[in-house]
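# Fold and geometry: a report
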Amino acid sequence: MPIRAVSLDLDDTLWPVLPALIEAEHCVDRWLKQHHPDVASAWPIEAMRELREKVARENTHLSHDFSEQRRLTIRHAFAACGIHDAPVDELWRIYFAARNNVELYPDTLPALDRIASRMPLVSISNGNADLEVIGLHTYFHTRLNASGVGVAKPHPQIFLAAADALGIAPQDILHVGDDPLLDVVGARDAGMRTVWLNRTGERWSHGPAPDLEFPDMTALADWIDAASAAGR
Ligand SMILES: [Mg+2]
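Residues numbered from 1 in each chain as written. Predicted model: local features only at pLDDT ≥ 70, side-chain atom pairs only at ≥ 80, totals over all residues. Heavy atoms only, no water.

## Remarks on the packing of aromatic side chains
Evaluation of the coordinates by the stated rule reveals 3 aromatic pairs. Plain terms: the ring middles of W92 and Y95 are 5.8 Å apart, the flat faces sit at 20° to each other, and that makes the pair stacked. You can see W92 and its partner Y95 sitting in helix α5 (residues 88-99), 3 residues apart, about one turn around the helix. By the burial criterion, W92 is buried, and Y95 matches it. An aromatic cluster of three or more residues is present, and its members are W92, Y95 and F96. (Phe/Tyr/Trp six-rings, centres within 6.5 Å; stacked < 30°, edge-to-face > 60°. Helix = DSSP H or I, 4+ residues; strand = E, 2+ residues; numbered from the N terminus. Buried < 20%, exposed > 50% of the residue type's maximum accessible area, 1.4 Å probe, protein only.)

## A short note on the coordination of the magnesium ion
In this structure, D9 (OD), D11 (O) and D178 (OD) serve as the protein donors to the magnesium ion, at separations of 2.1 to 2.2 Å. Between the donor residues of the magnesium ion, the gaps in sequence give the motif D-x1-D-x166-D. Take D9 and D11: they sit in the same class, and that class is buried. (Donors = N, O, S within 2.8 Å, 3.2 Å for Na, K, Ca; no water.)

## As for the pattern of salt bridges
According to the stated counting rule, one finds 16 salt bridges in the structure shown. With its nearest N and O atoms 2.6 Å apart, the salt bridge here joins D11 to R99. Here the residue D11 occupies a position in the loop between β1 (5-8) and α1 (18-35), and R99 occupies one in helix α5, the gap between them amounting to 88 residues. Here D11 and R99 have matching classes, each one buried. A salt bridge links D222 to R114; the nearest nitrogen and oxygen atoms lie 2.7 Å apart. On the criterion of sequence distance, the pair formed by D222 in helix α11 (residues 217-230) and R114 in helix α6 (residues 108-116) is long-range, its members being 108 residues apart. The exposure class assigned to R114 is partly exposed, which follows from its relative accessible area of 28%. If you follow the salt bridges from partner to partner, you end up with R114, R118, D222 and D225 in one network. (Salt bridge = Lys/Arg side-chain N within 4 Å of Asp/Glu carboxyl O.)

Okay, here's the thing in structure tokens:
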């Protein structure tokens with residue numbers, strides 16, 4: 001059966017996420033140093049990161065909602081300093097803006113142009129990237145994330161939500177992502193066809209191989225062009 005739609009992971013598939021996350025932590029830290037120096041000195045970046053991990057471990061009901069984890073972390077950090085009306089919204093805005101100030105991989109935009117001209121695209125992310133803030137939303141038919149759907153990848157439900165939104169059967173959708181478990185194993189379990197976007201040249205060591213493996217989005221767009229021409 002020909003591929004009729006593509007679902008795409010975002011972080012580390014369309015842009016490297018770590019530089020944006022690190023910069024977002026620094027933006028929060030700079031704001032704290034300026035407005036709440038006591039909180040800043042009690043919670044330097046590394047300590048704040050450990051606190052967030054502790055919050056995540058202790059609140060498994062938020063495992064699909066990184067945004068709420070971060071807001072809760074801010075509340076805990078301020079409460080530990082005796083401040084119970086933490087400026088959660090302001091700090092969240094600062095974090096969110098920096099987290100979405102991503103630098104696309106050079107192959108991303110040309111490939112999105114080519115693929116979106118052939119078939120609908122859906123985004124499926126566990127993170128809190130916002131395609132509208134980033135400026136890529138016009139390429140996507142539907143944008144799904146774990147906090148909105150209520151479960152995170154690799155749960156099949158988030159992939160099936162994409163199929164539902166498109167009105168296309170999972171087996172006619174190609175899911176593309178960098179994470180072997182979250183993207184490839186998850187999408188396969190939901191009945192989709194799978195692409196491992198392996199930008200770092202790693203070896204596959206996670207059970208049955210993905211249907212396809214590409215080093216970048218250009219190679220994916222090339223394959224889709226060829227498959228469309230061949231009626232695959
Ligand atoms: Mg990813």
